[in-house]
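Okay, here's what each chain looks like letter by letter:
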Amino acid sequence: MKLPWRYAICLILLTVGIVVGYNWCQKSTPPKELWKLKEHVHHHQRTLSVQGRPEVENPNTGKEADSLICDEKNADCHETRHDNWKPFLNCAQIAEVTLEKKIGEGLVKQVFLGRWQEMRLAYANLSHPRYLEDFLHGAEMLQAMHVSKHVVQLLGSCLDANPPVILTEYHELGSAETIEDIFSQQLGLADSNTLRTRFHLCLDYARILSFLHSSPVGTRIMCDSNDPTKTLSQFLVTNDLRLVINDLDALPLVDRTRGLLAKCGHRQLFDDFVAPEQLWPFQDKAFQDEEMPPYDEKTDIWKVPDITDLLLGKVDHSDIVRLHLFKLHKQCKERDPSLRPTAKEILAKYQEIFDSIVSDSD
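1. Here's the deal with the state of the cysteines
Piece 1. What the rule picks out here adds up to 2 disulfides.
Piece 2. Here cysteine 91 is linked by a disulfide to cysteine 158, with a sulfur-sulfur distance of 2.1 Å. Across the S-S bond linking cysteine 91 and cysteine 158, the dihedral sits near 105°, which makes this disulfide right-handed. Remark: cysteine 158 occurs in strand S4 (residues 154-158) and cysteine 91 occurs in helix H3 (residues 91-94); sequence separation between them is 67 residues.
Piece 3. Cysteine 158 sits in the buried class, given a relative accessible area of 7%.
Piece 4. Residue cysteine 223 pairs covalently with cysteine 264 via a disulfide, S to S 2.0 Å. In this structure, the disulfide formed by cysteine 223 and cysteine 264 twists by about -75° around the S-S bond and is classed as left-handed. Residue cysteine 223 is located in the loop between strand S6 (219-220) and helix H7 (228-232), and its partner cysteine 264 is located in the loop between strand S9 (253-254) and helix H8 (298-312); the two are separated by 41 residues in the primary sequence. A single burial state applies to cysteine 223 and to cysteine 264, both of which are buried.

Set out below in structure tokens:
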């Protein structure tokens, strides 16, 4: 008769344990504020996802290519943005943004200076429905890359709006295509027009290329770069005179392991600024897009000497730097793409020149 009593005691203890555990869990339930935060994060992810479009594939999964905070001299390292945090705006908040003036316009989007509460920002919306795919591609690239300090900071998006909208950090100095105006007397930055500042911009340009060629979403090449002015317009100059890439609408993927190469657009390209492999190779017949051979990221390398020359300008002692860059830049202009250096190698050489010649020049 003792056995049933043992079962009864065990049953009572089990019941008490369940009740105590339930009460403990109730007390441990996160507060409403925490649930709201989770919902905000979920909305952040949902807002940037595009219906009917797959998530961006990450060929570098496991490499944590953009998760490192590190010494900027390390060419293998991509620095993340870990300061100057700003809120991420959802569709409802974006509707509250007031537009002050138009500050830029292209085929894909038009850009306005906007204001949300006390924060100024760049408000970009789709210019025409025919360019929706390019606009959404830019949104995907920003989503994947904006944590890097080499990329303009993403502040919000509403891709379900009509037209869809992307918000980014506003940089009042504008794009690098006006670099000479930026250093003019009118803007009060003439004293900063030094070899050190100029070559720092060149270093940033090399860092951005190195980042794009080994980004979290694979090797990306800059297709909006068919002439020097267009190429420089892809970058913004920050208030501390650094360079960030801003326009990510045309960054096709290259993956040699899968035999995946790219072509920049569907029209014939001309001029010696673009790489030789981007030119129509068949002189005996008219251009046909379907017969145009594709190419890889070495097209970006061909353009490095020209862009660096513009960023460097004509400041004192820039001729000395150009002399030290001569051999490297000559390699960049090899007609055989495989003989050109990588962006990582260019960055390493630029850093070496900066450390040995430029850093103490002022």
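2. Here we look at the side chain of aspartate 249
Piece 1. Tracing the backbone through its elements, the reader meets aspartate 249 in the loop between strand S8 (243-245) and S9.
Piece 2. In terms of polar contacts, aspartate 249 uses its side chain to reach the side chain of lysine 109, at 2.5 Å.
Piece 3. With near-sequence residues (within four places) excluded, aspartate 249 lies in contact with Val108, Lys109, Asp134, His137 and Gly138.

3. Points about the pattern of salt bridges
Piece 1. Applying the stated criterion to the full structure yields 17 salt bridges.
Piece 2. A salt bridge links lysine 102 to glutamate 105; its shortest N-O distance comes to 3.2 Å.
Piece 3. Residue lysine 102 is classed as partly exposed on the basis of its relative accessible area of 42%.
Piece 4. Exposure remark for glutamate 105: the relative accessible area of 58% places this residue in the exposed category.
Piece 5. For aspartate 296, the salt bridge is made with arginine 256, and the minimal N-O distance between the two is 3.1 Å. On the criterion of sequence distance, the pair formed by aspartate 296 in the loop between S9 and H8 and arginine 256 in the loop between S9 and H8 is long-range, its members being 40 residues apart.
Piece 6. Overall, aspartate 296 belongs to the buried group, its relative accessible area being 14%.

4. So, the nonpolar core
Piece 1. Phe199, Leu243 and Tyr350 are the most contacted members of the largest nonpolar core, which has 62 residues in total.
Piece 2. If you list the elements that add at least two residues to this core, you get helix H4 (132-145), helix H5 (179-182), helix H6 (195-212), strand S7 (235-237), S8, H8, helix H9 (318-332) and helix H10 (343-358).
Piece 3. For this core, the element with the most residues is H6, which contributes 11 residues.
Piece 4. Sequence-distant contacts of phenylalanine 199, that is, excluding residues within four places in its chain, are made with Leu312, Val321, Leu325, Tyr350, Ile353, Phe354 and Val358.
Piece 5. Residues Val97, Phe112, Leu121 and Leu167 belong to the second largest nonpolar core, which totals 12 residues.

Conventions adopted
Residues numbered from 1 in each chain as written. Predicted model: local features only at pLDDT ≥ 70, side-chain atom pairs only at ≥ 80, totals over all residues. Heavy atoms only, no water. Disulfide = S-S within 2.5 Å. Helix = DSSP H or I, 4+ residues; strand = E, 2+ residues; numbered from the N terminus. Buried < 20%, exposed > 50% of the residue type's maximum accessible area, 1.4 Å probe, protein only. Polar contact = N/O pair within 3.5 Å; in protein donor to acceptor, adjacent residues only side chain to side chain. Contact = heavy atoms within 4.5 Å. Salt bridge = Lys/Arg side-chain N within 4 Å of Asp/Glu carboxyl O. Core = buried A, V, L, I, M, F, W, Y, C linked by side-chain atoms within 4.5 Å.

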